[in-house]
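Residues per chain are reported as follows:
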Amino acid sequence: KTEVDDLRTDTTGNITLTSLTEDKGDLATINGFTDVILSTANITVTDNVDKSEADTIDAYSDTSGTVTLTSITDTVSNITSVNTNANISIASAAVTVTDAASFDNADAINGFTTGKVTLNSVEDTYAKIQDIKSIPDGQVDMGAAVVKVSDNVTKTEVDDLRTDTTGNITLT
C-alpha cells in the first residue's frame, strides 16, 4: 500500500497495477481509490481469507488477472467452490477446513494445494479416518480435530483414535 500511496503522489492520472501483494484490508483500501485500476492485476493476498472475502477480492481484478491466496479458512463446500473458480488460485495456500470432513473431502482438498490442510473436524468410518491419518501431517493435519466415527469400533480402535487427535471423539 505504501508504494501505491507513493505512486498516487507522483501523478494526477490513473495508475493501472498489473501485480499487487497485500493483505485484504489494504487491498480493500486500494480498490477504493478511484485513480488506481486493479481490473487486470494479478493479486496475492497475504493474510487469511474465507470464500466471501476471496470472491470480493476476485471482483477487484474483474477483467483478467489471478487472485492467489496464501491462506483460506472455510467449509469443505466453500473451499471446493473457491478452488473451482478459475480466477482464484489456492495452489500453494494453507487451508483450514472448519466443518466435518470425510476422507474423500480431505483427499480432494489436499489435491487442491501444496500447502498444509488442517482439519478442525473429521467424520467418517474408522478405516477412512485411518486413511486420513496415513496422509503425512505436513500435508493433512487432523491432530487436534474433533472426530466422529460413523461405524462400530472396538476398544482397541478407540485407543488408536486417541493417538490420532487431541480433540474429542464421538462414537455413533
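A few points on the structure. Quantities reported herein were computed from a predicted structural model and do not represent experimental measurements. (Residues numbered from 1 in each chain as written. Predicted model: local features only at pLDDT ≥ 70, side-chain atom pairs only at ≥ 80, totals over all residues. Heavy atoms only, no water.)

Assigned secondary structure in the chain consists of seven helices and 12 strands. Taken over the C-alpha trace, the chain has a radius of gyration of 20 Å; the compact-globule value for 172 residues is 16 Å, which it surpasses by more than 25%. The dimensions of the chain, computed from C-alpha atoms along their principal axes, are 70 × 25 × 25 Å. Taking all 172 residues of the chain together, 37% fall into the buried category. In the chain, 36% of the contacts between residues at least 6 apart in sequence involve partners at least 24 apart. Computed over 10 positive and 28 negative side-chain charges, the inter-centroid distance for the chain is 7 Å. (Helix = DSSP H or I, 4+ residues; strand = E, 2+ residues; numbered from the N terminus. Rg over C-alpha atoms; globule rule 2.2 N^0.38 Å. Buried < 20%, exposed > 50% of the residue type's maximum accessible area, 1.4 Å probe, protein only. Contact = heavy atoms within 4.5 Å. Lys, Arg positive; Asp, Glu negative; His and termini not counted. Charge placed at Lys NZ, Arg CZ, Asp CG, Glu CD.)

Moving on: helix H6 (residues 126–134). Three or more residues of H6 are buried, namely Tyr-126, Ile-129 and Ile-132. For H6, the angular spread of the buried residues around the axis is 110°, confining them to a single face. Buried residues along H6 sit against strand S8 (94–101), helix H5 (103–112), strand S9 (117–124), strand S10 (140–141), strand S11 (146–149) and helix H7 (155–164). (Arc of directions from axis to C-beta.)

So, on to the nonpolar core. Residues Leu-69, Val-97 and Leu-119 are the most contacted members of the largest nonpolar core, which totals 45 residues. For this core, the element with the most residues is H5, which contributes four residues. Contact partners of Leu-69, with chain neighbours within four places excluded, come to Val-45, Val-49, Ala-54, Val-82, Ile-88, Ser-89, Ile-90 and Ala-93. (Core = buried A, V, L, I, M, F, W, Y, C linked by side-chain atoms within 4.5 Å.)

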